[in-house]
Amino acid sequence: TTMVALEANKTDPSLATYYGRGNPVFGRVVTAMVTPFKPNNPKEVDYTVAEQLAVHLGKNGSDALVIGGTTGESPTLTWSEQYELFKVVKQAVGTSVKVIAGAGSNSTEEAIEATIRADKMGLDGTLQVVPYYNKPPQEGLYQHFKAVAECAPDLPVMLYNIPGRTGINMSAEMTAKLAKIPNIIATKEASGDIDQFVEIRRLTDPEFAMYSGDDAIALPLCSVGATGVVSVASHIVGNEIHKMIELFFDGHVSEALDIHLKHAGLFRDLFYMANPIPTKAALRLLGWNVGPPRLPLTDATDECTEVITNHLKALNLL
């Protein structure tokens, strides 16, 4: 009976649409890319390595890249460094991969300025985080995101709710209200609250793309209407993550689960220390000269490096 049900699902247009089958604008796997620094001088961004890494990710499972997000150490990048990264990465990948600018800020004016710049550079969208530290009320969130979306009405926006980093949660109702703005086409929901994720899914059109903000729960969230994942682990196992999500949408759930279980330990331990400390360590072990993080983030401890090394060996990557 399951096969019959699966076949029925394939021809059931409502389910196909619901799961964002077809072509989500930003694809299934969006990699939040690290920012490479010169190994001997983290004060300098290594734009050449950034270009090479972006091209590599595009060939290994990433449909889109977020540049200058949290994983890209946005708090310690200057805006001029961010703009240069946007430019060189977009030039390097061309149209093969979507490039999403980390243009969010806790200052609405600053977010507007960065969004206009990203639009003029021909980027494919922006990631807009809930304003952090200053704790706006829900209505403030509405006004903020509306102003940012409307400053470049043809540039797609992905909202980003991550209460653990911002200090506040954007409610499901507010996300759904913002989803009615034409160019707000997606959200990265990293609240870790499945009830809230489901509520957003229930309140929004099927075309509104919802991304897991965490590799560890990407597969389970697909079962309640996620489109895909904004991933960190895709730096290491991007093709596998892409395959896992495609298998799920093609109805091969147990095969998707096998991939999830195989990589569950890696998903967990890439957060052994604050992101992107372990991911940068992993990339260096794999031969990518991404340098250490900038202070106040420190480099991976010996213990963390050992944990990551063991994962890479177990996956035959070292």
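Reading the values: the criteria
- Residues numbered from 1 in each chain as written.
- Predicted model: local features only at pLDDT ≥ 70, side-chain atom pairs only at ≥ 80, totals over all residues.
- Heavy atoms only, no water.
- Helix = DSSP H or I, 4+ residues; strand = E, 2+ residues; numbered from the N terminus.
- Rg over C-alpha atoms; globule rule 2.2 N^0.38 Å.
- Buried < 20%, exposed > 50% of the residue type's maximum accessible area, 1.4 Å probe, protein only.
- Contact = heavy atoms within 4.5 Å.
- Areas by Shrake-Rupley, 256 points an atom, 1.4 Å probe, with all protein chains shown as cover.
- Lys, Arg positive; Asp, Glu negative; His and termini not counted.
- Charge placed at Lys NZ, Arg CZ, Asp CG, Glu CD.
- Pairing = 2+ DSSP bridges.
- Right-handed = clockwise from strand over helix to strand, strands pointing away.
- Core = buried A, V, L, I, M, F, W, Y, C linked by side-chain atoms within 4.5 Å.
- pLDDT = per-residue confidence, 0-100.
- Axes fitted to C-alpha atoms, helices over the stretch in contact; angles between N-to-C directions.
- Phe/Tyr/Trp six-rings, centres within 6.5 Å; stacked < 30°, edge-to-face > 60°.
- Lys NZ or Arg CZ within 6 Å of the ring centre and 35° of its normal.
- Salt bridge = Lys/Arg side-chain N within 4 Å of Asp/Glu carboxyl O.
- Polar contact = N/O pair within 3.5 Å; in protein donor to acceptor, adjacent residues only side chain to side chain.

**What to know about the overall build of the protein chain**
When helices and strands are counted, the protein chain shows 14 helices and ten strands. For the protein chain, whose C-alpha radius of gyration is 19 Å, the value lies close to the compact-globule estimate of 20 Å for 318 residues. For the protein chain, the proportion of its 318 residues judged to be buried stands at 52%. A separation of at least 24 residues holds for 71% of the contacts in the protein chain among residues at least 6 apart in sequence. Counting every atom, the protein chain has about 13,600 Å² of accessible surface; 54% of that belongs to carbon and sulfur. Where the 26 positive side-chain charges of the protein chain centre and where its 36 negative ones centre are 3 Å apart.

**Some words on the pairing of strand β4 (residues 64-67)**
Burial of the side chains of β4 extends over both faces: Ala64 and Val66 are buried on one face and Leu65 and Ile67 on the other. Pairing geometry for strand β1 (residues 29-32) and β4, over three bridges, is parallel. The residue of β4 that forms the bridge with Val30 is Ala64. Where β4 and strand β5 (residues 98-102) come together, four bridges link them in parallel fashion. Each bridged residue has a counterpart across the sheet, and for Ala64 the counterpart in β5 is Lys98. Where the polypeptide runs from β4 across helix α4 (residues 79-93) and back to β5, its parallel neighbour, the crossover connection is right-handed.

**Let's talk about the nonpolar core**
With 78 residues, the main nonpolar core has Met33, Leu65, Leu178 and Ile184 as its most contacted residues. The element that contributes the greatest number of residues to this core is helix α11 (residues 234-249), accounting for eight residues. Once residues lying within four places of it in the same chain are set aside, the contact partners of Leu65 are Thr31, Met33, Ala54, Leu57, Val89, Val93, Val97, Lys98, Val99 and Ile100. Membership of the second largest hydrophobic core comes to 15 residues, among which are Ala32, Ile100, Ala209 and Val230.

**Digging into the confidence of the model for the protein chain**
One rule of thumb: low pLDDT means the predicted coordinates there are not for detailed reading. On average, residues of the protein chain score 94 in pLDDT, and 93% of them reach the 70 mark or higher. This model gives residues 1-17 a pLDDT under 50, and the stretch forms six contacts once residues within four places in sequence are excluded.

**Topic: the sheet that holds strand β10 (residues 228-231)**
Read once around its circumference, the closed barrel built from eight strands follows the order β1-β4-β5-β6-β7-β8-β9-β10, with strand pairing classed as parallel. Averaged over all neighbouring strand pairs, the angle between strand axes comes to 25 degrees, with direction disregarded. Relative to β5, α4 is tilted by about 175 degrees, and along the sheet it contacts β4 and β5. In the packing of helix α9 (residues 194-203) onto the sheet, contacts are made with β7 (157-161), β8 (184-189) and β9 (209-212), and the angle to β9 comes to roughly 165 degrees.

**Some points on the packing of aromatic side chains**
A complete count under the given rule lists three aromatic pairs for this structure. On the basis of an interplanar angle of 65 degrees and a centroid distance of 6.1 Å, the ring pair of Tyr83 and Phe86 is categorised as edge-to-face. Taken together, the residues Tyr83 and Phe86, both in helix α4 and three residues apart, mark about one turn of the helix. Among the residues examined, Tyr83 registers a relative accessible area of 7% and is labelled buried. Taken together, the aromatic side chains of Trp79, Tyr83 and Phe86 make up a single cluster linked through ring pairs. Cation over ring: Arg28 sits above Phe249, and NZ or CZ is 4.0 Å from the ring centre. Between the NZ or CZ atom of Arg117 and the centre of the ring of Tyr83, over which it lies, the distance is 3.9 Å.

**A closer look at the pattern of salt bridges**
One pass over the full model with this rule turns up eleven salt bridges. Here Lys90 and Asp124 are joined by a salt bridge, their closest N and O atoms 2.8 Å apart. Pair noted here: Lys90 is in helix α4 and Asp124 is in the loop between α5 (108-120) and β6 (125-129), with a separation of 34 residues, a long-range link. One exposure class covers both Lys90 and Asp124, and it is buried. In this structure, Arg284 and Asp299 form a salt bridge, with 3.0 Å as the shortest nitrogen-oxygen distance. Of this pair, Arg284 sits in helix α13 (residues 277-285) while Asp299 is found in the loop between α13 and α14 (302-314), placing the two residues 15 residues apart along the sequence.

**Quick notes on the side chain of His263**
Tracing the sequence through the fold places His263 in helix α12 (residues 253-269). Relative accessible area serves as the criterion here: at 1%, His263 is assigned to the buried category. Polar side-chain contacts of His263 include one of 2.9 Å to the side chain of Glu240. Setting aside its immediate chain neighbours within four residues, His263 contacts Val237, Glu240 and Leu315.

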